[in-house]
Amino acid sequence: MSSDFEAYEQDFGTLTAEITNKVGRIPKLAGEEKTQLVLNVDKQLEEVRELLEQMDLEVREIPIQSRGMYNSRLKSYKQEMEKLEKDFKRSRIAYSDEVRNELLGDDASSSESQRAHLLDNTERLERSSRRLEAGYQIAVETEQVGQEILANLNSDREKIQRSRDRLRETDANLGKSSRILTGMLRRIIQNRVLVFILGAIILLTIVLAIYFNLRGH
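Reading the values: the criteria
- Numbers given for residues are sequential positions, taken from 1 along each chain in its written order.
- The predicted nature of this model means local features are confined to residues of pLDDT at least 70 and side-chain atom pairs, given and counted, to a pLDDT of 80 or more, with totals for whole chains, interfaces and linings taken over all residues.
- Excluding hydrogens and water, the side-chain figures rest on all heavy atoms present in the structure.
- Where helices and strands are cited, they refer to DSSP runs of H or I of at least four residues and of E of at least two residues respectively, numbered from the N terminus.
- Remark: exposure states derive from per-residue accessible area (1.4 Å probe, protein chains only) relative to the maximum for the residue type, with buried under 20%, exposed over 50%, and partly exposed in between.
- Note on contacts: a residue pair is in contact if any heavy atoms of the two residues lie within 4.5 Å.
- Areas reported as accessible are Shrake-Rupley estimates using a 1.4 Å probe. Residue values count occlusion only from the protein chains shown.
- Any carboxyl oxygen of Asp or Glu within 4 Å of a side-chain nitrogen of Lys or Arg constitutes a salt bridge here.
- The criterion for an aromatic pair is that two Phe, Tyr or Trp rings (for Trp, the six-membered ring) have centres within 6.5 Å, with stacked assigned to planes under 30 degrees apart, edge-to-face to planes over 60 apart and tilted to the rest.
- The term nonpolar core refers to a set of buried residues drawn from Ala, Val, Leu, Ile, Met, Phe, Trp, Tyr and Cys, joined through side-chain atoms within 4.5 Å.
- Surface patches are defined over residues having more than 30% relative accessible area and no salt bridge, joining like charges when they lie within 9 Å and nonpolar side chains (Val, Leu, Ile, Met, Phe, Trp, Tyr) when within 5 Å.
- The charge count treats Lys and Arg as positive and Asp and Glu as negative. His and the chain ends do not count.
- Throughout, a charge is located at the NZ atom of Lys, the CZ atom of Arg, the CG atom of Asp or the CD atom of Glu.

Things to note about the overall build of the protein
Turning to step 1, where the next piece is worked out: Scanning the protein from terminus to terminus reveals four helices and zero strands.
Turning to step 2, where the next piece is worked out: Ordered by position from N to C terminus, the α and β elements of the protein give α-α-α-α.
Turning to step 3, where the next piece is worked out: The buried share of the protein, taken over its 217 residues, is 22%.
Turning to step 4, where the next piece is worked out: Counting only contacts in the protein whose residues sit at least 6 apart along the sequence, the fraction spanning at least 24 positions is 73%.
Turning to step 5, where the next piece is worked out: With an accessible surface of roughly 15900 Å², the protein has 58% of that area assigned to carbon and sulfur atoms.

Remarks on the pattern of salt bridges
Turning to step 1, where the next piece is worked out: One pass over the structure, following the stated rule, counts six salt bridges.
Turning to step 2, where the next piece is worked out: Between R73 and E9 there is a salt bridge whose closest N-O contact spans 2.5 Å. Placement of R73 in helix α3 (residues 64–104) and of E9 in helix α1 (residues 2–25) is noted, with a sequence separation of 64 residues between them.
Turning to step 3, where the next piece is worked out: The salt bridge partner of D165 is R168, with a shortest N-O separation of 3.0 Å. Of this pair, D165 and R168 both sit in helix α4 (residues 111–216), separated by three residues, roughly a single helical turn.
Turning to step 4, where the next piece is worked out: Residue class for R168 comes out exposed when judged on its relative accessible area of 51%.
Turning to step 5, where the next piece is worked out: If you follow the salt bridges from partner to partner, you end up with E46, R49 and E85 in one network.

Here we look at the packing of aromatic side chains
Any two aromatic rings considered together are summarised by their centre-to-centre distance and by the angle between their planes.
Turning to step 1, where the next piece is worked out: Counted according to the given criterion, the structure contains three aromatic pairs.
Turning to step 2, where the next piece is worked out: Between F12 and Y77, the ring centres sit 4.9 Å apart and the planes meet at 45°, which makes this aromatic pair tilted. One end of the pair, F12, is in helix α1; the other, Y77, is in helix α3, with 65 residues separating them in the sequence.
Turning to step 3, where the next piece is worked out: The class of F12 is buried, set by a relative accessible area of 2%.
Turning to step 4, where the next piece is worked out: Relative accessible area serves as the criterion here: at 17%, Y77 is assigned to the buried category.

Section: the nonpolar core
Turning to step 1, where the next piece is worked out: Within the largest apolar cluster, 23 residues are counted, with the highest numbers of intra-cluster contacts made by I19, V41, L45, V48, L52 and F88.
Turning to step 2, where the next piece is worked out: If you list the elements that add at least two residues to this core, you get α1, α2 (31–61) and α3.
Turning to step 3, where the next piece is worked out: If one sorts the elements of this core by residue count, α2 sits on top with nine residues.
Turning to step 4, where the next piece is worked out: Other than its neighbours up to four places away in sequence, V41 contacts I19, K22, V23, I26 and F88.

Notes on a negative patch on the surface
Turning to step 1, where the next piece is worked out: Together, E18, E47, E50 and E53 make up a region of like negative charge exposed at the surface.
Turning to step 2, where the next piece is worked out: It is α2 that provides the largest number of residues to the negative patch, a total of three residues.
Turning to step 3, where the next piece is worked out: Within the element layout of this structure, E50 appears in helix α2.
Turning to step 4, where the next piece is worked out: A relative accessible area of 44% means that E50 is categorised as partly exposed.

Re a nonpolar patch on the surface
Turning to step 1, where the next piece is worked out: A cluster of nonpolar side chains, contributed by L185, I189, V193, F196, I197, L198, I201, I202, I206, I210 and L214, occupies part of the molecular surface with about 1100 Å² of accessible area.
Turning to step 2, where the next piece is worked out: Among the structural elements, I197 can be located in helix α4.

Focus on the environment of Q137
Turning to step 1, where the next piece is worked out: On the secondary structure map, Q137 appears in helix α4.
Turning to step 2, where the next piece is worked out: Assessed through its relative accessible area of 16%, Q137 is described here as buried.
Turning to step 3, where the next piece is worked out: Residues Q137 and D56, spaced 81 residues apart in sequence, show a C-alpha to C-alpha distance of 9.7 Å.
Turning to step 4, where the next piece is worked out: Those residues in contact with Q137, other than ones at most four positions away along the chain, are D56, N71 and K78.

Topic: the environment of Y77
Turning to step 1, where the next piece is worked out: With 64 residues separating them along the chain, Y77 and G13 place their C-alpha atoms 9.2 Å apart.
Turning to step 2, where the next piece is worked out: Not counting residues up to four positions away in its chain, the partners in contact with Y77 are F5, E9, F12, L52 and M55.

Re the environment of I93
Turning to step 1, where the next piece is worked out: Looking at the secondary structure, you find I93 in helix α3.
Turning to step 2, where the next piece is worked out: Sequence separation between I93 and P27 is 66 residues, and the spatial gap between their C-alpha atoms is 10.0 Å.

This is the structure we're talking about:
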């Protein structure tokens, strides 16, 4: 998983370097060339967003003990992306103002205050978006931790169940062994009683034989 993340990092570095270069060129161009460059940068920014989404998915698949480092790197990339988008918006606003000035001349000077107001609103929206994204990220991480805890609990429950099954099996084996030993002990006692009885009969026979033999004399 980390190798995929690093591959995405390389693509991210290449794309952002190209975007930074193009954003810096936008105010210096004019006409159709400038329009095409704006559209091209907009397309590349969309590619960067998709890369960040892929990187986010990869981070979620990384083991939790190694995830912190990748989360920090992903966070810095998202901040870099926000800065690129902000720079691009400013270059587009400047481009729009330039076109308007060409069309309206001095009457367009009033747009400066509007542009400043628009930038302020844009920055506020971006801050709100970052806070929402941070909250979402915390919720996702909390859910992942909860899922891992549940998985560990399920694993522990299965281990306990297997231990109980082994104890039951051992108890059954002990019961069976106890019954076998009890039967063997009973047979031993019976054999000894039989031996004692046979010995008593033999002894009595010998005594009677001696008695009758002596009596005959």
